[in-house]
Amino acid sequence: ERLNIYPFKGYSGENVSPRNISIGISGIGSPTNGLSEEDEFDLKMELAKTEDEIQTLRQVLLAKEKYAMDIRRQLGTGPFSEIKQNLSKGWQEVQTSNAYLTASATLEDISQSNVYKRTQESISNAGQMTSAALSTVGVAITRRLGDMRYDPLLMSPVNSTSICVDEGGGGGYKNIFKP
């Protein structure tokens with residue numbers, strides 16, 4: 001059985017001449033796969049050439065990327081502006097997609113329906129009633145705390161004890177801690 005090992009064009013675009021190499025079916029899996037020394041040498045040379053071309057392509061790609069980055073810098077566009085453009089373009093594509101347009105139309109229909117409007121009114125009314133109730137509770141708690149301020153059972157020992165002082169030595173005592 002013969003196998004063509006050069007099915008592609010070379011790096012520079014020229015056609016690589018096909019080389020057919022005999023491979024024994026029983027030799028598959030052995031270290032040299034049943035290749036003759038000449039075929040093995042040819043394959044190793046071709047591998048070295050291919051690896052060298054890969055390295056050259058990497059260097060060319062790196063130089064092209066640097067050149068493109070320099071052009072972007074001169075144009076005033078950087079990676080962030082590219083990301084922004086890509087996101088903007090992606091969002092425009094989403095907005096013009098059939099799925100988005102269908103979902104938008106459905107949501108528009110729902111927001112215009114009577115059920116939606118009644119639900120919205122009910123939730124709004126419930127929110128207003130809850131707010132009013134909480135406000136009333138807050139006022140009641142504030143008033144009760146104010147009333148408790150003067151409750152004799154809750155006053156501190158200092159506030160519940162009368163301290164009288166003589167204000168001038170003439171025997172006139174005044175309670176200074178009573179509210």
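This structure is a prediction, so every number in the text was calculated from the model and none was measured. (Residues numbered from 1 in each chain as written. Predicted model: local features only at pLDDT ≥ 70, side-chain atom pairs only at ≥ 80, totals over all residues. Heavy atoms only, no water.)

### Things to note about the overall build of the protein chain
Within the protein chain, the secondary structure is distributed over five helices and four strands. Each helix and strand of the protein chain, placed in order from N terminus to C terminus, yields the pattern β-β-α-α-α-α-α-β-β. The 179 residues of the protein chain split such that 4% are buried. For the protein chain, the exposed area adds up to about 15,100 Å²; of that, 59% sits on carbon and sulfur atoms. (Helix = DSSP H or I, 4+ residues; strand = E, 2+ residues; numbered from the N terminus. Buried < 20%, exposed > 50% of the residue type's maximum accessible area, 1.4 Å probe, protein only. Areas by Shrake-Rupley, 256 points an atom, 1.4 Å probe, with all protein chains shown as cover.)

### Regarding the packing of aromatic side chains
Here the structure, examined in full by the defined rule, presents one aromatic pair. Both rings, one in tryptophan 91 and one in tyrosine 100, keep their centres 5.9 Å apart while their planes meet at 75 degrees; by these two values the pair is edge-to-face. (Phe/Tyr/Trp six-rings, centres within 6.5 Å; stacked < 30°, edge-to-face > 60°.)

### Focus: helix H1 (residues 37-75)
Note on helix geometry: an α-helix contains 3.6 residues per turn, so any two residues three or four positions apart are oriented the same way. Taking 1.5 Å per residue as the helical rise, H1 with its 39 residues ought to reach 57 Å, and the 57 Å between its terminal C-alpha atoms agrees with that figure. One or two steps after H1, the chain reaches glycine 76, where phi turns positive at roughly 85 degrees. (Expected span 1.5 Å × (residues − 1).)

### A word on the pattern of salt bridges
For the structure shown, the criterion picks out two salt bridges. Close ionic contact of glutamate 40 with lysine 44 constitutes a salt bridge, the shortest N to O distance being 3.3 Å. Of the two residues, glutamate 40 and lysine 44 both sit in helix H1, four residues apart, roughly one turn of that helix. Judged by its relative accessible area of 22%, glutamate 40 is partly exposed. With a shortest N-O distance of 2.4 Å, aspartate 70 and arginine 73 are connected by a salt bridge. Residue aspartate 70 and its partner arginine 73 are located together in helix H1, separated by three residues, close to a single helical turn. (Salt bridge = Lys/Arg side-chain N within 4 Å of Asp/Glu carboxyl O.)

### Examining a nonpolar patch on the surface
Nonpolar side chains collect at one region of the surface, where Tyr67, Ile71 and Leu75 lie side by side and expose about 340 Å² of accessible area between them. Topologically, tyrosine 67 is positioned in helix H1. Residue tyrosine 67 is classed as exposed on the basis of its relative accessible area of 55%. (Patch = residues over 30% accessible without salt bridge, like charges linked within 9 Å, V, L, I, M, F, W, Y side chains within 5 Å.)

### With respect to the packing of helix H3 (residues 98-112) against helix H4 (residues 114-148)
At their nearest, the axes of H3 and H4 sit 5 Å apart, and the two run at 60 degrees to each other. Taken together, the axes of H3 and H4 lie oblique to each other. Touching Ile110, Ser111 and Gln112 of H3 are Asn114, Tyr116 and Lys117, all from H4. Of the residues assigned to the contact of H3 with H4, the class counts are two nonpolar, three polar and one charged. (Axes fitted to C-alpha atoms, helices over the stretch in contact; angles between N-to-C directions. Parallel < 35°, antiparallel > 145°, perpendicular 65-115°, else oblique. Contact = heavy atoms within 4.5 Å. Nonpolar A, V, L, I, M, F, W, Y, C, P; charged D, E, K, R; others polar.)

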